Amino acid sequence: MLNKGLRDEESTRIENTLRILHSLTFVPKYWIFEDLSEIDGQLKNFGLSLETLIESEPNEMITLLSRCHLDWNQKEQFADVLIFLSKENQFQFTAKALALYEHIQTESATFSFGINTKITSAKAKLQ
């Protein structure tokens, strides 16, 4: 278990990485190599890469994120990034985002109408 100081430091690091990933998703329709390498570099902070995201099963990804000590809100933000990365159909991460949203909804102690809306939206995109 992490002590409070290390937990706060790690949480700040995770928040900064998620903030950068969110900013990188607002790029033009066609990704250029530099954008992809920057996203890949940020994913390495979670022990992931675009390649591992593409190849991994949703449960594997959830396990990897849990090892990185992401809290429920941070997992939701990561799922939001996956949805944004899937927007222009260059990546197919919607199913992984859906699995992450469902994991959050079932495993967290509170029910979230916001997460439930995101689950419904992700399911509609998959149909």
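Scroll up a little and you will see the structure.
Everything numeric in this text was worked out from a predicted model, so none of it was measured.

A. Examining the pattern of salt bridges more closely. Summed over all chains, the structure comprises 5 salt bridges. For Glu10, the salt bridge goes to Arg13, with nearest N and O atoms at 3.6 Å. Of this pair, Glu10 and Arg13 both sit in helix H1 (residues 4-24), 3 residues apart, which is roughly one turn of the helix. The exposure class assigned to Glu10 is buried, which follows from its relative accessible area of 16%. One salt bridge connects Lys118 with Asp80, and the closest N-O pair in it is separated by 3.0 Å. Of this pair, Lys118 sits in helix H7 (residues 113-126) while Asp80 sits in helix H5 (residues 72-86), and the two are 38 residues apart along the sequence. Lys118 gets classed as partly exposed once you look at its relative accessible area, which sits at 25%.

B. Focus on the nonpolar core. Grouped together as the largest cluster of nonpolar side chains are 32 residues, with contacts concentrated most on Leu43, Phe46, Leu53, Met61, Leu65, Phe78 and Leu100. Going through the elements one at a time, H1, helix H2 (33-43), helix H3 (50-55), helix H4 (58-67), H5, helix H6 (94-107) and H7 are the ones with two or more residues in this core. Leu43 has contacts with Leu21, Leu48, Ser49, Leu50, Leu53 and Phe78, leaving out every residue within four places of it along the chain.

C. Region of interest: the side chain of Asp80. Among the residues examined, Asp80 registers a relative accessible area of 15% and is labelled buried. Not counting residues within four places of it along the chain, the set of residues in contact with Asp80 comprises His22, Tyr101 and Lys118.

D. H5, seen in detail. Look at H5: 21 Å from first C-alpha to last across 15 residues, which is about the 21 Å you get at 1.5 Å a residue. In terms of residue burial, H5 counts as a mostly covered element, since 12 of its 15 residues are buried. Within H5 the residues assigned to the buried category are Gln74, Lys75, Glu76, Gln77, Phe78, Ala79, Asp80, Val81, Leu82, Ile83, Leu85 and Ser86. Looking at where H5 begins, the residue whose side-chain oxygen comes 3.2 Å from the main-chain nitrogen of Asn73 is Asp71.

E. Broad picture of the packing of H6 against H7. Running from N to C, H6 and H7 cross one another at 155°; their axes reach a closest spacing of 9 Å. With respect to H7, the axis of H6 lies roughly antiparallel. The handedness of the crossing between H6 and H7 comes out as left-handed. Along the contact surface, H6 presents Thr94, Ala95, Leu98, Tyr101, Glu102, Ile104 and Gln105, while H7 presents Ile115, Asn116, Lys118, Ile119, Ala122, Lys123, Lys125 and Leu126.

F. Quick look at the environment of Ile83. With respect to the helices, strands and loops of the structure, Ile83 is situated in helix H5. Under the relative-accessibility criterion, Ile83 is labelled buried at 13%. Through-space distance from the C-alpha of Ile83 to that of Phe93 is 6.5 Å; in sequence the pair is 10 residues apart.

Procedures and definitions
Residues numbered from 1 in each chain as written. Predicted model: local features only at pLDDT ≥ 70, side-chain atom pairs only at ≥ 80, totals over all residues. Heavy atoms only, no water. Salt bridge = Lys/Arg side-chain N within 4 Å of Asp/Glu carboxyl O. Helix = DSSP H or I, 4+ residues; strand = E, 2+ residues; numbered from the N terminus. Buried < 20%, exposed > 50% of the residue type's maximum accessible area, 1.4 Å probe, protein only. Core = buried A, V, L, I, M, F, W, Y, C linked by side-chain atoms within 4.5 Å. Contact = heavy atoms within 4.5 Å. Expected span 1.5 Å × (residues − 1). Polar contact = N/O pair within 3.5 Å; in protein donor to acceptor, adjacent residues only side chain to side chain. Axes fitted to C-alpha atoms, helices over the stretch in contact; angles between N-to-C directions. Parallel < 35°, antiparallel > 145°, perpendicular 65-115°, else oblique. Left-handed = near helix turned anticlockwise from the far one by under 90°.

What is shown is where atoms sit, not what they do.
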